Amino acid sequence: RFPALQEIHEAAAIHGEFKDDLKIMQVNGSARYVFAQCSANKGVDGSQVFQGIMQDITERKLAEQEIIKSQERYQEIFTQSKDAIFICTLDGRFVDFNQATSDLFGFSKNELLALPDAHDLYRPVERKNEFLLKLKAQKSIKDYELNVAHKSGEARICLVTANILITDEFVGYNCILRDV
């Protein structure tokens, strides 16, 4: 009558215990997710006794699925963008970036990660300093014009959109550089 319960008991009987998230179908045809934990023990009369719990985790599972879908969408935007998108510390260390960032600056992934201060690629120095001061003061900048230096020495005119990021582990900013 309850195939999921039968499977849980069989697995617990073989392995001594069972712990897993399961998708179960209700009589009305809708699906629910449960966390099931069961242990198999011997009763005083030698019979097999199962003890366990089932907890409805449907809302958590649905939220996890939405988070995964959202991450996949943003990862697609990040990787496919022709604009340079990156995360950088305030002292100029790259944390994460897309391929367009490597292309814009002309450096490999390892070269960008090894740069002591990515801000040294911003030109001229006065605009770089102004950008960093404005970003720190305003927490957000949109379409700020700045030149960036390519590894070859060529300067490229870019529009910068950046936002300060502060978490428990990190203080920096995310940035989009559009080569115009």
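Before reading on, note that the structure itself is shown above.
Rules behind the numbers
- Residues numbered from 1 in each chain as written.
- Predicted model: local features only at pLDDT ≥ 70, side-chain atom pairs only at ≥ 80, totals over all residues.
- Heavy atoms only, no water.
- Helix = DSSP H or I, 4+ residues; strand = E, 2+ residues; numbered from the N terminus.
- Rg over C-alpha atoms; globule rule 2.2 N^0.38 Å.
- Buried < 20%, exposed > 50% of the residue type's maximum accessible area, 1.4 Å probe, protein only.
- Contact = heavy atoms within 4.5 Å.
- Lys, Arg positive; Asp, Glu negative; His and termini not counted.
- Charge placed at Lys NZ, Arg CZ, Asp CG, Glu CD.
- 1 Å grid on protein atoms, 1.4 Å probe; cavity = no way out; pocket = protein on both sides within 12 Å on 5 of 7 lines; lining within 4 Å.
- Points joined across faces, edges and corners; volume = space filled by probe spheres on them.
- Nonpolar A, V, L, I, M, F, W, Y, C, P; charged D, E, K, R; others polar.
- Salt bridge = Lys/Arg side-chain N within 4 Å of Asp/Glu carboxyl O.
- Core = buried A, V, L, I, M, F, W, Y, C linked by side-chain atoms within 4.5 Å.
- Pairing = 2+ DSSP bridges.
- Expected span 1.5 Å × (residues − 1).
- Arc of directions from axis to C-beta.

A. Looking closely at the overall build of the protein chain. A tally of helices and strands in the protein chain yields five helices and nine strands. Its helices and strands in sequence order give the protein chain the pattern α-β-β-β-α-β-β-α-α-β-α-β-β-β, from N to C terminus. Radius of gyration (C-alpha) of the protein chain: 27 Å, far over the 16 Å computed for a compact globule of 180 residues. Structurally, the protein chain occupies a C-alpha span of about 85 × 35 × 30 Å along its principal axes. Taken over 180 residues, the protein chain has a buried fraction of 32%. If you take every contact in the protein chain between residues at least 6 apart in sequence, the share linking residues at least 24 apart comes to 35%. Charge separation in the protein chain, taken as the distance between the mean sites of 22 positive and 27 negative side-chain charges, equals 2 Å.

B. The arrangement of the layout of surface pockets in detail. Estimates place the volume of the second largest pocket at around 240 Å³. Taken together, the elements giving at least two residues each to the lining of the second largest pocket come down to α2 (58-80), β4 (84-89), β8 (155-166) and β9 (171-179). With four residues, the top contributor of residues to the lining of the second largest pocket is α2. Classifying every residue of the lining of the second largest pocket by side-chain character gives nine nonpolar, four polar and one charged.

C. Inspection of the pattern of salt bridges at higher detail. In this structure the tally under the stated criterion is 13 salt bridges. Within this structure, Asp21, Arg60, Lys61 and Glu64 form a network of salt bridges that share partners.

D. Highlighting the nonpolar core. Ranked by internal contacts, the top residues of the largest apolar core, which has 27 residues, are Phe86, Phe105, Phe131, Tyr173 and Leu177. At the level of secondary structure, the elements contributing two or more residues to this core comprise β4, β5 (94-97), α3 (99-105), α5 (125-138), β7 (140-149), β8 and β9. Those residues in contact with Leu177 that sit more than four places away from it in its chain are Asp83, Ala84, Phe86, Leu104, Phe105, Val148, Cys158, Leu159 and Val160. Counting nine residues, the second-largest nonpolar core is a separate cluster that includes Ile8, Ala11, Val34 and Ala40.

E. Region of interest: the environment of Ala118. Tracing the sequence through the fold places Ala118 in the loop between α4 (109-114) and β6 (122-123). Note: C-alpha distance between Ala118 and Glu10 (108 residues apart in sequence) is 59 Å. When neighbours within four sequence positions are excluded, Ala118 is seen to be in contact with Cys88, Gly92 and Phe94.

F. Broad picture of the pairing of strand β2 (residues 31-42). Pairing of strand β1 (residues 17-25) with β2 involves nine bridges; the strand directions are antiparallel. Within β2, the position partnered with Lys19 by the bridge is Gln37. Linking β1 to β2, which pair antiparallel, is a turn of five residues; within it Gly29 sits at a positive phi near 95°. Linking two consecutive strands that pair antiparallel, namely β2 and strand β3 (residues 48-56), is a turn of five residues; a positive phi of about 90° is found at Gly46 within it.

G. Structural detail: the environment of Arg156. Along the chain, the position of Arg156 falls in strand β8. Sequence separation of Arg156 and Glu7 is 149 residues, and the distance between their C-alpha atoms is 63 Å. Beyond its immediate stretch of four places on either side in the chain, Arg156 contacts Asp103, Leu104, Leu146, Asn147, Val148, His150 and Asp179.

H. Region of interest: helix α1 (residues 3-15). Between its terminal C-alpha atoms α1 stretches 18 Å, which fits the 18 Å expected from 13 residues at 1.5 Å a residue. All of the buried residues along α1 are Ile8, Ala11 and Ala12. An end-on view of α1 places all buried positions within 100° of arc, on one side of the element. For α1, exposure combined with an orientation more than 90 degrees from the buried face picks out Pro3 and Ile14. Those residues of α1 that are buried lie in contact with β1, β2 and β3. With its phi angle positive at about 90°, Gly16 sits one or two positions after the end of α1.

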